[in-house]
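Results of the structural survey
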Amino acid sequence: MGTVVDAASFELASGNDANGSLPTEKKVKVVFVLGGPGSGKGTQCANIVEHFGYTHLSAGDLLRAEIKSGSENGTMIQNMITEGKIVPSEVTIKLLQRAMQESENDKFLIDGFPRNEENRAAFERVTKIVPEFVLFFDCADEEMERRLLNRNQGRVDDNIETIRKRFKVFVESSLPVIEYYGSHGKVRKIDAGRSVEEVFEAVKIIFSSVTVVA
Ligand SMILES: Nc1ncnc2c1ncn2[C@@H]1O[C@H](COP(=O)(O)OP(=O)(O)O)[C@@H](O)[C@H]1O
Ligand SMILES: Nc1ccn([C@@H]2O[C@H](COP(=O)(O)OP(=O)(O)O)[C@@H](O)[C@H]2O)c(=O)n1
Ligand SMILES: [Mg+2]
């Protein structure tokens, strides 16, 4: 397995617990995986995990698991997802932090986060983690709509009404985050309208360029 060479490591510090003990610290490397709903983030993350040894953390999956766990935030999260709205950062960041701390890995693909400026700024402030880069899956709305209507995972938000709302949220709230990282030279954009195999060929070139054979 390769080692990442071009980016500094960043420290993940948990908050103090109720006894005031010292935070546990763990150095992690993070790649944000962004793109519209149905652009293929989850599909390609599974391929990246297999080939490059990252752990995949999907913000949407973590939020859906939180609903299932019977958490006190469950109803609020369920309502936000049904409406295609973005859950307050505090909730999502706690789930991401916990998943990173519980993992034995130190390399994470964070899929579907940050989805708005609040997500981005709060994550940076709380975790002090700066992403190595941002993988952006660029895909036409018509193709994403087709994929979502065929996804068949029983999701409450894969219906045409919510899909349209999610597209609007993506353009209004998520694209500005991608532009922010673009202005810092961090975005690796991929034409995600092609087949799964073709998209992964492009993904591989990007990940190969940040790793070296040990
Ligand atoms: N390149 C592709 N071409 C066609 N269908 C795809 C492609 N990538 C993913 N899909 C399918 O489209 C749907 C959405 O993909 P998914 O990976 O869940 O996207 P996202 O996480 O960005 O919403 C899934 O049913 C998946 O199997
Ligand atoms: N950072 C995030 C990610 C997802 N979500 C919520 O979870 C929903 C589904 O996110 P997802 O990433 O699983 O969706 P896809 O883009 O994979 O289709 C979003 O539409 C939001 O309602 C959120 O509130 N904040
Ligand atoms: Mg997904």
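It should be emphasised that the depicted structure is a prediction, and the values quoted were computed from it without experimental measurement.

Criteria and cut-off values
Residues numbered from 1 in each chain as written. Chains lettered and ligands numbered in written order. Predicted model: local features only at pLDDT ≥ 70, side-chain atom pairs only at ≥ 80, totals over all residues. Heavy atoms only, no water. Near = heavy atom within 4 Å. Polar contact = N/O pair within 3.5 Å; in protein donor to acceptor, adjacent residues only side chain to side chain. Areas by Shrake-Rupley, 256 points an atom, 1.4 Å probe, with all protein chains shown as cover. Helix = DSSP H or I, 4+ residues; strand = E, 2+ residues; numbered from the N terminus. Nonpolar A, V, L, I, M, F, W, Y, C, P; charged D, E, K, R; others polar.

Observations concerning the site of ligand 2
Looking at ligand 2, there are 20 residues lining it, with Lys-41, Arg-64, Lys-85, Val-87 and Arg-166 nearest. Take Asn-119: an N or O atom from its side chain is 3.2 Å from a nitrogen atom of ligand 2. In this structure, an oxygen atom belonging to ligand 2 sits 2.8 Å away from a side-chain N or O atom of Arg-166. Protein chains shield 96% of the accessible area of ligand 2, which is 530 Å² for the free molecule. Those elements that place two or more of their residues in the shell around ligand 2 are helix 2 (59-68) and helix 3 (74-83). When its residues are assigned to classes, the shell around ligand 2 shows eight nonpolar, four polar and eight charged.

Things to note about the site of ligand 1
Gly-38, Lys-41, Thr-43, Arg-151 and Arg-194 are the nearest of the 13 residues found near ligand 1. Ser-39 places a polar main-chain atom, nitrogen or oxygen, 3.3 Å from an oxygen atom of ligand 1. Contact with the protein chains removes 76% of the 560 Å² of surface that ligand 1 exposes when unbound. The class makeup of the residues in the shell around ligand 1 is two nonpolar, seven polar and four charged.

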